[in-house]
Amino acid sequence: MTFILRRLLHGAWVLLAVSALVFAALYVVGNPVELLVDPQADPADTARTIAALGLDQPLWCQYRTFLGNAARGDLGTSFIHGVPALSLILERLPATLELAASALFLALLLGIPLGLWAGLRPTSLASRLIGAASTLGFALPAFWVGLMLILVFAVQLQWLPPGGRGETREVLGLSLSIFTLDGWRHLLLPALNLALYKAALVVRLVRAGSREALAQDYVRFARAKGLTESRVVTGHVLPNTLIPVVTVLGMELGALIAFAVVTETVFGWPGMGKLLMDAINALDRPVVVAYLLFAAALFVVLNLLVELLYGWLDPRVREGRQ
Amino acid sequence: MSESRPDSTPTPTPISTSAGGGVAAPCMSRFSSSFLARFAANPAGKLALLLLALTLLTAFAGPFLAPQDPYDPAALDILDARLPPASAAAAGGTYLLGSDEQGRDLLSAMVYGLRLSLLVAGAGTGLACLLGAALGLTAGYFGGRWERLVLALADLQLSFPALLIALALLALSGPGLPKVALALAASQWAYFARSARAAALVESGKDYMAAARLQGLSHARLLWRHLLPNCLPPLLVILPLQLAAAISLEATLSFLGLGAPATEPSLGRLIANGFAYLLSGQYWISLYPGLLLTLAVTAITLAADRLAAVLDPRRQEG
């Protein structure tokens, strides 16, 4: 319990620090009037907004108001769309989560078998190729791989559409692509693009983990008991390689959401990353600020969940921290 | 990574061993081998050295050999825009790799772009290393409240992906390459600070530091002449790894339109320029700069792995 409490406190401190930094960037470094008031507004409107925002108040008062508004979910109103910035982001959130979840699934689907293969047969040619491919997977710039996927599968072969989200279906109040064939066709390339780096990472982790497990006494004992090789691998080697995979992937969830900005821009996937880039290009500051604060909150929650999951998977962590 | 455990079966072709990679080189001449010889003692090291030389030569000698100055508007002919590879230029000569949408010779633009990418990423990572080392060393040396503050700030940076931090800074401050370098530094310094602090903590407890302290040397001298040199190896190992990451990051930011301006394209910007014409099959504007970018990142990553293996004494023994 104290463990959870401590993580919650840490999360609160991170959020507070981020809000202070964003506040500083907005109010202290830049001119808040320029940033928060639509430059096209007439002078009377501008004056009214300045008074309404309380920009004549002392700085710490302003920060308190800023925090209070943020806590109530008021992150400003979009200049371009004229609606609350937070609602714009929440509207786009399901698309991003769907993309990130699909990418994570693909990364595990590709990474675990390949990593296991390379770990169990470290000297075979296939394992060397897998190792080289994972090195390349780290070095290849993700956005460029996205373009090349479009070039090959959409332009040359014309198998898949180059972008967009395709047909969606309402499930539990969310419109998702994974329930329609057309949606799948649109989802496949961006998800693969986002998954490649993570797949390379999973290969590394599983390969190192299974090599290490093979040398352990419990594996030798399982073999001595006369278990079949497949039982040894699925029952003893694999589970022990998965703990670091869960930890690292948990830490990488945030990166997945951040890199979705790039993938969504390349494939025109209408998630919150594309919203951010559109907002940056249109100088729609409230949406940019709202995205940053929302992403920070999302990361804090994700990190917390991963810590809890990790404690549940590995009893040593739980014991050690109580 | 987690491969520091000495391999029981040394494999002869370690190209595939990659990241934690570099199977410990059998030390041929244990006493006289110079650093470079040790570095290139196995095929992975030789490959890394070759690719690194190729990248650096392209970036820093290439601009003198390039057929065109892509930053000089007078040298560009807009009528030559988007010609496929091996087309003849209006002014004579050939566009070996084609031309881009402003009529730039793509090969020349790539060579200049690589130099720009390396310079910006190098500046950002260098700054991150300086800042991180200064904060980390003083944190480990002085301890107390200062240490807690530095660690808390580093924690804060590390709880967000580098891309997001850089993106946030550029979104709030506007685009431009100097800002990209600063954003790279701001999103990378914590890695250096963490390991500098860890090294400083270990080194501070050693006898030579106690001896130096007893001589009544000033803090500045202790930090600069005694602590810093002994804390360098771990920093040298992360430096090239972060540089490779910074090159990718700069390319990504420039691709998103937050980095290099259209008139002086880095590799990421060149790829972005080609994006608009990809669907009409004019692939070369995006393809070739991306290949060069991959070459540069691979070269530096492999060299970083090899450097880590050479600098780690435990792997030398194996």
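So, how was this worked out
- Residues numbered from 1 in each chain as written.
- Chains lettered and ligands numbered in written order.
- Predicted model: local features only at pLDDT ≥ 70, side-chain atom pairs only at ≥ 80, totals over all residues.
- Helix = DSSP H or I, 4+ residues; strand = E, 2+ residues; numbered from the N terminus.
- Buried ≥ 20, exposed ≤ 12 C-beta atoms within 10 Å, placed from the backbone.
- Contact = placed C-beta atoms within 7 Å.
- Nonpolar A, V, L, I, M, F, W, Y, C, P; charged D, E, K, R; others polar.
- Core = buried A, V, L, I, M, F, W, Y, C linked by C-beta atoms within 7 Å.
- pLDDT = per-residue confidence, 0-100.

Draft legend 1. Fine view of the overall build of chain B. Along its length, chain B carries twelve helices and two strands. Every one of the 318 residues in chain B was classed for burial, and the buried ones make up 49%. Sequence-distant contacts, at least 24 apart, represent 66% of the contacts inside chain B between residues at least 6 apart.

Draft legend 2. How the structure looks around the interface of chain A and chain B. Contact residues are listed per partner, giving 39 residues for chain A and 39 residues for chain B. For the side of chain A that touches chain B, a count of residues per class yields 28 nonpolar, nine polar and two charged.

Draft legend 3. Quick look at the nonpolar core. Counting residues in hydrophobic clusters, the biggest one holds 170 residues, and the most contacted among them are Tyr291 of chain A together with Ala166 of chain B. Sorting elements by how many residues they give to this core places helix H4 (residues 106–142) of chain B first, with 18 residues. Setting aside anything within four residues of it in sequence, one finds tyrosine 291 of chain A in contact with Ile89, Met272, Leu276 and Ala279 of chain A. Counting residues in each nonpolar core, the second largest holds five residues, with Ala213, Val219, Val232 and Val237 of chain A among its members.

Draft legend 4. Structural view of unusual backbone geometry. A positive phi is found at glutamine 158 of chain A, a non-glycine position, where the angle reads about 55°. In this fold, glutamine 158 of chain A is placed in the loop between helix H7 (142–156) and strand E1 (169–171).

Draft legend 5. Examining helix H11 (residues 272–281) of chain A more closely. Taken across its ten residues, H11 of chain A has eight buried, putting it largely inside the fold. Among the residues making up H11 of chain A, those that are buried are Met272, Gly273, Lys274, Leu275, Leu276, Met277, Ala279 and Ile280 of chain A.

Draft legend 6. Expanded view of the confidence of the model for chain A. Of the residues in chain A, 90% reach a pLDDT of 70 or more, and the chain-wide mean stands at 82. Confidence, expressed as mean pLDDT per element, reaches its minimum in chain A at helix H13 (residues 315–321) of chain A with 59 and its maximum at helix H5 (residues 85–120) of chain A with 90.

Draft legend 7. Representation of the confidence of the model for chain B. Residue and element names in this part refer to chain B. Here chain B averages 81 in pLDDT, and 86% of its residues register 70 or above. Overall, residues 1–32 carries pLDDT values under 50, and its contacts beyond four positions in sequence, including any with other chains, amount to 64 contacts. In the model output, the complex is listed with pTM 0.83 alongside ipTM 0.83.

Draft legend 8. Geometry of the environment of aspartate 80 of chain B. All names here are of chain B. Residue placement: aspartate 80 occurs in the loop between helix H3 (62–65) and strand E1 (87–88). Looking at aspartate 80, the number of C-beta atoms within 10 Å reads 20, which means it is buried. Note: C-alpha distance between aspartate 80 and glycine 103 (23 residues apart in sequence) is 4.8 Å.

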